[in-house]
2 protein chains.
Amino acid sequence: MNWKPSAHPHHTLQAQISSWIAGRIEHGDWTSGTRLPPQRELASRFGVNRSTVQAALDELKADGLLESRQGSGVFVSGSAWNALLTRSQPNWQRHIRASVHKPNRHTIRLINGSEPDPSFIRLGTGELSPDLLPAKEFEDSLRDLRLDSRALGYSEPLGSLRLRLALCRHLESLGIFAKPENICIVSGALQALQLIAVGLLEEGSTVFHESLSYLNSVHPFQSAGMRMLSFRQEPQLKEKLVRATRGRQSLLYAVPTLNNPTGHSWSALERSHVYNVCSELRIPIVEDDVYRDLLFAPGLPPIKAADSSGQVLYLGSLSKSLSPGLRIGWVVAPSPVAARLADVKMQTDYGSSAFSQEIAAHWLESGLHQRNTERLRGELGLRAAFVQETLHASFRGLAEWNSPEGGFYIWLRFLRPIVDKSFFRLLLNRKILINPGYLYDPDDQHHIRLSYAYASYEEMRTGLEALRQEAERAGNC
Amino acid sequence: MNWKPSAHPHHTLQAQISSWIAGRIEHGDWTSGTRLPPQRELASRFGVNRSTVQAALDELKADGLLESRQGSGVFVSGSAWNALLTRSQPNWQRHIRASVHKPNRHTIRLINGSEPDPSFIRLGTGELSPDLLPAKEFEDSLRDLRLDSRALGYSEPLGSLRLRLALCRHLESLGIFAKPENICIVSGALQALQLIAVGLLEEGSTVFHESLSYLNSVHPFQSAGMRMLSFRQEPQLKEKLVRATRGRQSLLYAVPTLNNPTGHSWSALERSHVYNVCSELRIPIVEDDVYRDLLFAPGLPPIKAADSSGQVLYLGSLSKSLSPGLRIGWVVAPSPVAARLADVKMQTDYGSSAFSQEIAAHWLESGLHQRNTERLRGELGLRAAFVQETLHASFRGLAEWNSPEGGFYIWLRFLRPIVDKSFFRLLLNRKILINPGYLYDPDDQHHIRLSYAYASYEEMRTGLEALRQEAERAGNC
């Protein structure tokens, strides 16, 4: 033991000592159960302060190589060899904790993790039930698909021209007159938000969103360093936006038709007021219109249809009305903006699946999509009616709700503030998944986003009964 | 004109003045050609400094609302109404300039923008020619596809279980023994790098890469705020890495088999040296192995096959060996790391296309993929031989090159330093696209990444002849 640490530009004395001791253990010089000399003695042999030795030993104890036995000193631990193995791995947990992107919220991760287990009843899922997906028609349509080999390569930055042309016709039916160069194909609306966040905003920009907002449950803007502020429909909207932006870049995100989670749609007056205020302040609007195809009766036109100034970035998707598995959505934007988003997308994933794009184009062109959404509206209407009947029969006095105008959701309000994490947990233990209101408004304790789109009728019946029982119990506490 | 600006918490005097003047024009009070009062007079009427008036007028001139006529003052411009319209749009260029994500490099954008035009000859493209893609076999295989309707929904965070099981068997043939929970499906290897950048590294982390590196042509790490440093194979590697990381998080990225752009593969000694150094320093390795399927003769096993400590994140993809349009790749990693990458992916795009995943699983399970890569290796070998013959016939004395061992590329070195932006431009004007060496090493002026994978034989002949002419001309200057 005549080794001594020495001054070194990159290795502290402490690191040299702990790595020297780990080396003794690794080479088998010091076996499990070996008693180390007292700290004072080590300090004098190494020619360092006692506190340096102590720090090195503490580090090795934390790593499991050494252990203290009360009153009798420090020993090489029984599991030192295992600990050595672990020590040689990268510290992945530290990598994950320190990294740039936020983890999904804990409740969301519990939901995501439980969803693949078919024994769970999913009362909150924003997704069509497997029964509602046109699997058979998809199989048939694949037989009709003719693949140009160019379509199997990397796609153009904006995405498949065939799909963009089909979308131009689709958008025309909504009053939006776009050219192919105004459309950027994306892998779903969430990716569009990611691209907008990093492609059009600087760190510290302000993103306005409705107080009940999907953006509280996902973090594309927050992870890119943007500041989130909620807005309400009110006469003083302009002044509030001016005050909040303080001259910094900003953007307003909204779901004016069939809001997620509330199902609410804006009035014509609300649409034009927000548009005019944002126009005047030159604040871009992101109009997320992914639920439009699922309106039970024709609704108001998109804000984008009246956008004369290129103010509105319009998002659409096939995830809600055809199949989430396609991962096909689109952004309609002024052409330089579409090109910018496409450039960032190319750097992110080199474009969306060519197969998905071909399938999507085929469904739009052939009228299959149109027929499928008509069928879906009918089936979702029946499901919505069923859930409302069940609510009428068992939730009166316990909760209140509105009749949905389309989409997937009823924004169910419990009269008492019972919807907290433990309520979510109670139902999770009963294998029932709900989407609590606090995912959409951190202060909410009254609501759940009740989806009639995913669970089977039988599951909805069972799930709602369990929900009622837990809600009554929670309300009586 | 009795209006005056006043002190206001959110609007400067200058902004109030310019917006008041714009209002006069907008309301038609001041028509095109109207001469404004002299600055001195305006300053005294508004009760502000002359410099404030001047700044407001300059702003309106920059926006095209006003114009100066020499010697006679400031006027409402002829195009003021058009300018007003533009003024009401968001300033998209400012949004784009200030945003988080870097634009693609200019040369890359020129390449991306020209590629869709079939009249260009693509001598640099890292992509299989449409002739080499199995379009017919794809069409046939779509007919055999049975779609479970669960497969059409959002996928599990890690991706389709069926595909992950098929990949486990595929990886076993490479000596990598992974379980499904070690695999995260991604939309191509570039997306894997994005997820690693934001999911496992903090801002300011160091990413080591080979001095000739694909990472100089794309920016997943740079855009997330990481520091890029190149490394070489050398005995002092360990000391250099220690010095460069300075205790900060880091990661080493390499393409040890068929490097992009050079086509070079590491020796067994190089593989174990880098692995051992990184193990000791606990630096994770990202092993990008997307070209392996295209080795003309069996190569050395992946570093991952000898990874006992979970140090290596292994990337594979079907983009190079089957179809880029599928957008299917994978990361093999310790399960907590795979779960973390899957969580970030869910927040980014809710998973990869279910259709692409089903098609990929079908091709791997059925042996179609295996047979297709055998065919490809044969065809690429013939193409490589053809290009080498052409080089022998016309490029001796002008350039030098190695015989490729697989993949797409010959790293062609011109004897004189002629490969700069103007050389790229000259060929672009002749409708020939090359990938200049400076995309992979900013200081390089000697090389191009010559691809024999994309252009037809006839195009390769024509393109190489044009390249020879321009190279001779440039060399004689």
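Chain A goes by HTH-type transcriptional regulator YisV in an unreviewed UniProt entry, where it is assigned to Saccharibacillus kuerlensis. In its Cofactor (unreviewed entry) section, the UniProt entry covering chain A states "pyridoxal 5'-phosphate".

Engineer: What is the right way to look at the packing of helix α14 (residues 354-366) of chain B against helix α15 (residues 368-394) of chain B in this model?
Structural biologist: When two helices pack together, their arrangement is given by the angle between their axes and by how far apart the axes lie. All names here are of chain B. Across the interface, α14 lies against α15 with an axial gap of 4 Å and an inter-helix angle of 80 degrees. Considered as vectors, α14 and α15 are oriented roughly perpendicular to each other. Residues His362, Trp363, Leu364 and Ser366 of α14 lie in contact with α15, whose contacting residues are Leu368, His369, Arg371 and Asn372. Partitioned by chemical class, the residues of the contact of α14 with α15 number three nonpolar, four polar and one charged.

Engineer: Looking at this model, I keep getting lost on the packing of aromatic side chains. Mind explaining?
Structural biologist: Aromatic ring pairs: the centre-centre distance and the angle between the two ring planes describe each pair. All names here are of chain B. Throughout the structure, instances matching the rule amount to 30 aromatic pairs over all chains. Seen from their ring centres, Phe138 and Trp363 are 4.6 Å apart, and the 35 degrees between their planes marks the pair as tilted. Here the residue Phe138 occupies a position in helix α7 (residues 135-144), and Trp363 occupies one in helix α14, the gap between them amounting to 225 residues. For Trp363, a relative accessible area of 1% puts it in the buried group.

Engineer: Teacher, can you tell me more about the relation of the copies chain A and chain B here?
Structural biologist: One copy of the chain maps onto the other through a rotation about an axis plus a displacement along that axis. The transform that puts chain A on chain B rotates by 180 degrees and translates by 0.1 Å along the axis, for an RMSD of 0.2 Å. With respect to symmetry, the two chain copies, as superposed, fit the operation of a two-fold axis. Taking C-alpha positions as reference, the residue of chain A nearest the rotation axis is Arg143(A), located at 2.6 Å. A shared binding surface is used by both copies, with 100% of the interface residues of chain A retained as interface residues in chain B.

Engineer: Would you take a moment to explain the pairing of strand β12 (residues 409-414) of chain B for this structure?
Structural biologist: Consecutive residues of a regular strand have side chains that alternate between opposite faces of the sheet. All names here are of chain B. Counting buried residues along β12, five of its six residues qualify, which places the element largely inside the surrounding structure. The sheet contact formed by strand β11 (residues 399-400) and β12 spans two bridges and is antiparallel. Paired with Ala399 across the strands is Phe414, a residue of β12.

Engineer: Just to check I follow, could you spell out the pattern of salt bridges for this structure?
Structural biologist: When the charged atoms of two side chains lie near each other, side chains of opposite charge can form a pair. On inspection of all chains with the given rule, the structure shows 48 salt bridges over all chains. Note that Glu400(B) is salt-bridged to Arg413(B), the shortest N-O span being 3.5 Å. Remark: Arg413(B) occurs in strand β12 and Glu400(B) occurs in strand β11; sequence separation between them is 13 residues. Shared partners join several salt bridges into a network, and the residues in it are Glu115(A), Arg122(A) and Glu127(A).

Engineer: What is the right way to read the interface of chain A and chain B from this model?
Structural biologist: Note on interface size: it is often stated as the accessible area lost on association of the parts. Taken together, the contact between chain A and chain B spans 96 residues of the former and 96 residues of the latter. Contact with chain B buries surface across chain A, with Trp92(A), Tyr154(A) and Gln347(A) losing the most and accounting together for 9% of the total. Counting across the chain A and chain B interface gives two salt bridges. Between Glu139(A) and Arg146(B) there is a salt bridge, with its nearest N and O atoms 3.9 Å apart. Our enumeration of links across chain A and chain B arrives at 23 residue pairs in polar contact (both at pLDDT 80 or more). At the level of elements, α4 (80-87), α5 (92-98), α6 (106-114), α7 (135-144), α9 (189-200), α11 (237-245), α13 (335-349) and α14 (354-366) of chain A are the ones that each hand at least two residues to the side of chain A that touches chain B. Among the elements that line the side of chain A that touches chain B, the one with the most residues is α13(A), at nine residues. Counted by class, the side of chain A that touches chain B contains 42 nonpolar, 35 polar and 19 charged residues.

Engineer: Help me understand the sheet that holds strand β9 (residues 312-317) of chain B in this model?
Structural biologist: Pairing between sheet strands relies on hydrogen bonds along the backbone, with the strands arranged either parallel or antiparallel. Residues and elements named next belong to chain B. Pairing is mixed in the open sheet, where seven strands are placed in the order β4-β10-β9-β8-β7-β5-β6. Both edges of this open sheet fall to β4 (183-186) and β6 (227-231), since each of them pairs with a single strand only. Ignoring which end each strand starts from, the neighbouring axes of this sheet average 20 degrees apart. On the sheet, helix α9 (residues 189-200) packs against β4, β7 (250-254), β8 (285-288), β9 and β10 (329-332) and is oriented at approximately 150 degrees with respect to β9. Along the sheet, helix α13 (residues 335-349) contacts β4, β9 and β10; its crossing angle with β4, the most-contacted strand, is approximately 25 degrees.

Basis of the calculations
- Residues numbered from 1 in each chain as written.
- Chains lettered and ligands numbered in written order.
- Predicted model: local features only at pLDDT ≥ 70, side-chain atom pairs only at ≥ 80, totals over all residues.
- Heavy atoms only, no water.
- UniProt positions renumbered as here; feature names shortened; annotations may be inferred.
- Axes fitted to C-alpha atoms, helices over the stretch in contact; angles between N-to-C directions.
- Helix = DSSP H or I, 4+ residues; strand = E, 2+ residues; numbered from the N terminus.
- Parallel < 35°, antiparallel > 145°, perpendicular 65-115°, else oblique.
- Contact = heavy atoms within 4.5 Å.
- Nonpolar A, V, L, I, M, F, W, Y, C, P; charged D, E, K, R; others polar.
- Phe/Tyr/Trp six-rings, centres within 6.5 Å; stacked < 30°, edge-to-face > 60°.
- Buried < 20%, exposed > 50% of the residue type's maximum accessible area, 1.4 Å probe, protein only.
- Least-squares fit on C-alpha atoms with pLDDT ≥ 70 in both.
- Pairing = 2+ DSSP bridges.
- Salt bridge = Lys/Arg side-chain N within 4 Å of Asp/Glu carboxyl O.
- Buried area = accessible area lost by both parts, 1.4 Å probe.
- Polar contact = N/O pair within 3.5 Å; in protein donor to acceptor, adjacent residues only side chain to side chain.

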